[in-house]
Amino acid sequence: MTNWNGENDFALFKKSAPINNQAIWCSFYRLHEDKIQVKKEAVAVEKLKTIIKATFKLSNQKGFSLMSLRDLSQATDMSMGSLYNYIGSKN
């Protein structure tokens, strides 16, 4: 890992902060780990990806306020009970 000296150099910044797609999802899981009932990180991260991507897709299609947990269940191919292991409520 390279040290970034604060210069306006995106290439140098990228070398100093190796952020990738998987690291972001893992960080999201760790940030909310206390609220998620699934404790196997690899499993939870993959399901969270599916849930969040489907949430954004449904929100764009019908609006977040009109989206239901049943819609999310159908879009993710997960049971409503399984969804509750990852999210406590729509809020």
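Before any of the text, the structure's been laid out above.
Residues numbered from 1 in each chain as written. Predicted model: local features only at pLDDT ≥ 70, side-chain atom pairs only at ≥ 80, totals over all residues. Heavy atoms only, no water.

K.L.:
What is the right way to look at the overall build of the protein chain in this model?
P.N.:
For the protein chain, the count of helices and strands is 5 helices and 0 strands. Listing the helices and strands of the protein chain from first to last along the sequence gives α-α-α-α-α. Taken across its 91 residues, the protein chain has 29% of its residues classed as buried. Sequence-distant contacts, at least 24 apart, represent 32% of the contacts inside the protein chain between residues at least 6 apart. Looking at the protein chain as shown, the accessible area adds up to about 6,600 Å², and 55% of this sits on carbon and sulfur atoms. (Helix = DSSP H or I, 4+ residues; strand = E, 2+ residues; numbered from the N terminus. Buried < 20%, exposed > 50% of the residue type's maximum accessible area, 1.4 Å probe, protein only. Contact = heavy atoms within 4.5 Å. Areas by Shrake-Rupley, 256 points an atom, 1.4 Å probe, with all protein chains shown as cover.)

K.L.:
What's the story with the packing of helix α3 (residues 41–62) against helix α4 (residues 69–76) in this structure? I'm lost.
P.N.:
Two quantities define a packed helix pair, namely the angle between the helix axes and the distance between the axes. The N-to-C vectors of α3 and α4 enclose an angle of 120°; their axes lie 9 Å apart at closest approach. If you check the angle between α3 and α4, you find them oblique. Crossing of α3 against α4: the hand is right-handed. Between α3 and α4, the residues in contact are T50, I51, A54, T55, L58 and K62 and D71, L72, A75 and T76, respectively. Classifying every residue of the contact of α3 with α4 gives 5 nonpolar, 3 polar and 2 charged. (Axes fitted to C-alpha atoms, helices over the stretch in contact; angles between N-to-C directions. Parallel < 35°, antiparallel > 145°, perpendicular 65-115°, else oblique. Left-handed = near helix turned anticlockwise from the far one by under 90°. Nonpolar A, V, L, I, M, F, W, Y, C, P; charged D, E, K, R; others polar.)

K.L.:
Honestly, the nonpolar core in this entry has me stumped. Any pointers?
P.N.:
By size, the foremost hydrophobic cluster in this structure holds 18 residues, and its most contacted members are Y29, I36, I51, L72, L83 and Y86. When residues of this core are traced back to their parent elements, those giving at least two are α2 (21–31), α3 and α4. Of the residues forming this core, the biggest block, 7 residues, is contributed by α3. (Core = buried A, V, L, I, M, F, W, Y, C linked by side-chain atoms within 4.5 Å.)

K.L.:
What's the story with unusual backbone geometry in this structure? I'm lost.
P.N.:
Glycine aside, the phi torsion of most residues is negative, and most peptide linkages are trans. Positive phi, close to 60°, is recorded for D77, a residue that is not glycine. Position of D77 relative to the elements: it lies in the loop between α4 and α5 (80–84). Taking relative accessible area as the criterion, D77 reaches 72% and is therefore assigned exposed.

K.L.:
Explain the pattern of salt bridges to me, please; I cannot follow it from the model alone.
P.N.:
Where charged atoms from two side chains of opposite charge come close, those side chains can pair. Enumeration over the complete set of coordinates arrives at 3 salt bridges. Here K49 and E46 are joined by a salt bridge, their closest N and O atoms 3.2 Å apart. Here E46 and K49 lie together in helix α3, a separation of 3 residues that amounts to about one turn. K49 sits in the buried class, given a relative accessible area of 13%. (Salt bridge = Lys/Arg side-chain N within 4 Å of Asp/Glu carboxyl O.)

K.L.:
How should I be thinking about the packing of α2 against α3 in this particular structure?
P.N.:
It is at 9 Å that the axes of α2 and α3 come closest, and there the two elements cross at 100°. Between α2 and α3, the angle falls in the class roughly perpendicular. Touching Q22, W25, C26, F28, Y29 and R30 of α2 are E41, A44, V45, E46, L48, K49, I52 and K53, all from α3. Its residues assigned to classes, the contact of α2 with α3 comprises 8 nonpolar, 1 polar and 5 charged.

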